[in-house]
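Inside the fold
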Amino acid sequence: MTDQPAGLYPPSAAMAAGAHADKAKYDEMYAASINDPEAFWGEHGKRIDWIKPYTKVKNTSFAPGNVDIKWYEDGTLNISANCIDRHLETRADQTAIIWEPDSPDEEAQHITYAQLHEKTCLMANSLKELGVKKGDRVVLYLPMIPEAAYAMLACARIGAIHSIVFAGFSADALAARISGSNAKVVITADGAPRGGRVTNLKDSVNQALINVMHDCKCLCVKRTGQQIAWRSDGDYWLHEIEETVSADCPPEEMNAEDPLFILYTSGSTGMPKGVVHSTGGYIVYASMTHQYVFDYHDGDVFWCTADVGWVTGHSYIVYGPLANGATTLMFEGVPTYPDAGRFWQVCEKHKVNQFYTAPTAIRALMGQGDSFVEKYDLSDLKLLGTVGEPINPEAWNWYNTTIGKGKIPIVDTWWQTETGGHLLTPLPGAVATKPGSATVPFFGIQPVILEPTTGEEIHETVAEGVLCIKDSWPAQMRTVWGDHERFEKTYFSDYKNYYFTGDGCRRDADGYYWITGRVDDVINVSGHRMGTAEVESALVAHAKVAEAAVVGYPHDIKGQGIYAYVTLMSGEEPSDELRKELETWVRSEIGPIAKPDLLQWAPGLPKTRSGKIMRRILRKIAEDDFGALGDTSTLADPSVVEDLIENRMNKQ
Ligand code: WTA
């Protein structure tokens, strides 16, 4: 292999031979998916059991003013039946979910498909008991416990739409999401153990419900048995209702286009939007990507370390793997508890075959040294995956050498909450990887690079610009909950007739794609999306803050950190105490993940004469890149910039 360019890692012969797709098969299937999407997706839609088979496959339009996306529109199915019931004949006693608790001293659970069926039915009937019907919304605010999966599948079973709120979000954020979807029930737990500490989730729910104006019941899972406050009305223990309901619940017949879930995600403006995913197209795509991208084979143990509060947990802990009859591992804890060897201890203990995590976790663990890895036997690992942000070469090398022992493929998967599943990714038996590149498109995906200002497609192979997608794929989001106009405006108005991803991208001479980061005001903190506008509005909601501007800056572990410039109301004095107060304030408004890493007092913000904040300049100062401030001649008051540079936080 002497002629291989540096940094090119071809699939091993053994991998290619045993994989679902080798190079020839990938090329052939990709060509087929683009040349005739109807035929391709018509065929692959059959991987799912339909109640009434579809006769129409694709009916999609990105046309301005008429964005409309439908897949398999006349088919009917039930996702819970696809993830559970259809496996019962052959896999009733196979483990569906391995649950590893926060503490290594607590026993892991192995939940079989038969048990998953029973638990899901009990939860589904409990929801019905609380009055939940097809089309109703149910919010989940849960730790990473098996009940989170039961609850998702129970909603899918009865046709209710779930909306999961990450349990690290604050009561205020939770209230906004319960109100936004007019949810009938919120499912939570008494407490959530994480990293050896326990948070009282029920308390947050109680607080949230004070600010919810409609009637919303609370279904509570007993996880820790700790003391919790019960509201006078509308609170129910799951285990108590379950004693009164049947352990069988027939799955509801759903249309392919019925919504399966809403998941709120940050955008560049305003409050988070409710991304809506459908039933048929979503499950076809989630299960197919899970099988091909991770090269999942029967009997493998698959572990995705995400939380079900994010899209990665939806598609690759629950729906994709279970639709494939897989054994999926669900982990309640954190990578560093009780020490930085936890991931590897769990891999050894449960003989994990595919391991999927985020670069931020890899960087954090790499920093703790190899001794935490060397204690464990990782010989069952066949594949490693990453998601969430571009992976830097140092982290890639460590992942490859120390975890993979230089022998197994790393799939770098690029996708978004909006895309439902992987769009750019290598298939491990087919595509040579390059560290830091999400490589090439999955079946059916037509990435294009546009010149950012003209919107012209760049046809040359080597290109750099904004990343758009030319045509629809089955798991594409269908709308923004309650606001189709916002959907069109956000994704289809800057570049007409394309889906705009919000990411910048480069294509190299081999046609490989390299994501260069967001081109909008979304930042990526520890692999989590954060709208800078959200943090700004939380800050200005504080009585002492007059104005705030938030940008990202490079952070060794988190990828990007949150840098906040804060202008106080006149008469207010900056102090360390006030800084702490504002940090606590943001935590309580949004959650710990939104807490600014650096907060600089700004007597003024750089603005144009028309009053627009010049974020470009703020970004450069936060990046410590003062030489590249660019044109500052349009500033209303250039001295503002000098002050900000003078007082930049953590000057290196
Ligand atoms: C970024 C997570 C580079 C990107 C599934 C995208 C990535 C945003 C990668 C979506 C990757 C995700 N390489 N960047 N492999 N994966 N991103 O909605 O900026 O939480 O637009 O979905 O994360 O984040 P989201």
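Keep in mind that what you see is a predicted model, and the values were worked out from it rather than measured.

What counts as what
- Residues numbered from 1 in each chain as written.
- Predicted model: local features only at pLDDT ≥ 70, side-chain atom pairs only at ≥ 80, totals over all residues.
- Heavy atoms only, no water.
- UniProt positions renumbered as here; feature names shortened; annotations may be inferred.
- Helix = DSSP H or I, 4+ residues; strand = E, 2+ residues; numbered from the N terminus.
- Contact = heavy atoms within 4.5 Å.
- Buried < 20%, exposed > 50% of the residue type's maximum accessible area, 1.4 Å probe, protein only.
- Near = heavy atom within 4 Å.
- Polar contact = N/O pair within 3.5 Å; in protein donor to acceptor, adjacent residues only side chain to side chain.
- Areas by Shrake-Rupley, 256 points an atom, 1.4 Å probe, with all protein chains shown as cover.
- Nonpolar A, V, L, I, M, F, W, Y, C, P; charged D, E, K, R; others polar.
- Disulfide = S-S within 2.5 Å.
- Pairing = 2+ DSSP bridges.
- Axes fitted to C-alpha atoms, helices over the stretch in contact; angles between N-to-C directions.
- Domains from an automatic or database assignment.
- Buried area = accessible area lost by both parts, 1.4 Å probe.
- Left-handed = near helix turned anticlockwise from the far one by under 90°.

1. Describing the UniProt feature "binding site: ATP" (unreviewed entry) in the protein chain
Mapped onto the present numbering, the UniProt feature "binding site: ATP" (unreviewed entry) falls on Gly-388, Glu-389, Pro-390, Asp-412, Thr-413, Trp-414, Trp-415, Gln-416, Thr-417, Asp-503, Arg-518 and Arg-529. As for its placement among the helices and strands, Gly-388 is situated in the loop between β19 (383-387) and α16 (393-403). When residues no more than four places from it in sequence are discounted, the contact partners of Gly-388 are Asn-524 and Gly-527. As for its placement among the helices and strands, Thr-417 is situated in the loop between β20 (410-413) and β21 (447-450). For Thr-417, a relative accessible area of 10% puts it in the buried group. The residues touching Thr-417, leaving out its near neighbours within four places in the chain, are Leu-263, Thr-265, Val-275, His-277, Val-311 and Arg-529.

2. Quick word on the site of the ligand
With respect to spatial proximity, 17 residues lie near the ligand, and among them Asp-412, Thr-413, Thr-417, Asp-503 and Arg-529 are the closest. At a separation of 2.7 Å, an oxygen atom of the ligand approaches a polar side-chain atom of Asp-503. In the model, an oxygen atom of the ligand is placed 2.9 Å from a nitrogen or oxygen of the Arg-518 side chain. Notes on the ligand: free accessible area 530 Å², of which the protein chains cover 94%. When residues of the shell around the ligand are traced back to their parent elements, those giving at least two are α12 (311-323), β20 and β25 (513-518). For the shell around the ligand, the class distribution of residues is six nonpolar, six polar and five charged.

3. A word on the state of the cysteines
A complete count under the given rule lists zero disulfides for this structure. Here Cys-121 is not disulfide-linked; the sulfur of Cys-249 is the nearest cysteine sulfur, at 5.5 Å. Since its relative accessible area comes to 0%, Cys-121 is described here as buried.

4. Points about the sheet that holds strand β14 (residues 259-265)
Each strand in a sheet pairs with another by means of backbone hydrogen bonds, the pair being arranged parallel or else antiparallel. The strand order across the open sheet formed by eight strands is β12-β11-β8-β6-β7-β14-β15-β23, and the pairing between neighbours is mixed. Because the sheet does not close on itself, it has two edges, and the strands there are β12 (235-237) and β23 (479-480). The strands touched by α12 within the sheet are β7 (161-164) and β14, with β14 carrying the most contacts at an inclination of about 145°.

5. Observations concerning the sheet that holds strand β18 (residues 354-357)
Taken in spatial order, the seven strands line up as β5-β4-β17-β16-β18-β19-β20 in an open sheet, and their pairing is mixed. Bordering the open sheet on either side are β5 (109-112) and β20, each of which pairs with just one other strand. Across the sheet, the axes of successive neighbouring strands diverge by a mean angle of 20°, strand direction being ignored. Summarising the sheet, β19 and β20 pair through four bridges and their orientation is parallel. Bridging from a neighbouring strand, Leu-384 pairs with Ile-410 of β20. Sitting on the sheet, α12 is in contact with β4 (95-100), β16 (301-304), β17 (327-331), β18 and β19, with an inclination near 150° to β17. Sitting on the sheet, α16 touches β18, β19 and β20, and the angle it makes with β19 is about 160°.

6. Things to note about the pairing of strand β24 (residues 499-507)
Taken across its nine residues, β24 has eight buried, putting it largely inside the fold. Where β24 folds back onto β25 in an antiparallel hairpin, the turn is made up of five residues, including Gly-511, whose phi is positive at roughly 80°.

7. Concerning the domain arrangement of the protein chain
Segmentation of the protein chain into domains returns domain 1 (113-260) and domain 2 (526-647). Opposite the five residues of domain 1 that make contact, domain 2 presents seven residues. With both sides pooled, the region where domain 1 packs onto domain 2 buries about 460 Å², and carbon together with sulfur makes up 52% of that total. For the interface between domain 1 and domain 2, the tally reads three residue pairs in polar contact (both at pLDDT 80 or more). In the side of domain 1 that touches domain 2, the residues fall into two nonpolar, two polar and one charged.

8. What about helix α14 (residues 359-366)?
Burial analysis of α14 places seven of its eight residues in the buried class, which makes it a mostly covered element. Of all the residues in α14, the buried ones are Pro-359, Thr-360, Ala-361, Ile-362, Arg-363, Leu-365 and Met-366. In this structure, the buried residues of α14 make contact with α13 (342-350), β18, β19, α16 and β29 (559-568).

9. Some points on the packing of helix α6 (residues 113-129) against helix α7 (residues 146-158)
The geometry of α6 relative to α7 is characterised by a closest axis approach of 8 Å and an angle of 65° between their N-to-C directions. Our pair here, α6 against α7, has a crossing hand that is right-handed. In contact with Leu-116, His-117, Lys-119, Thr-120, Cys-121, Met-123, Ala-124, Leu-127 and Lys-128 of α6, α7 contributes Glu-147, Tyr-150, Ala-151, Leu-153, Ala-154, Cys-155, Arg-157 and Ile-158. Class assignment for the residues of the contact of α6 with α7 results in 11 nonpolar, two polar and four charged.

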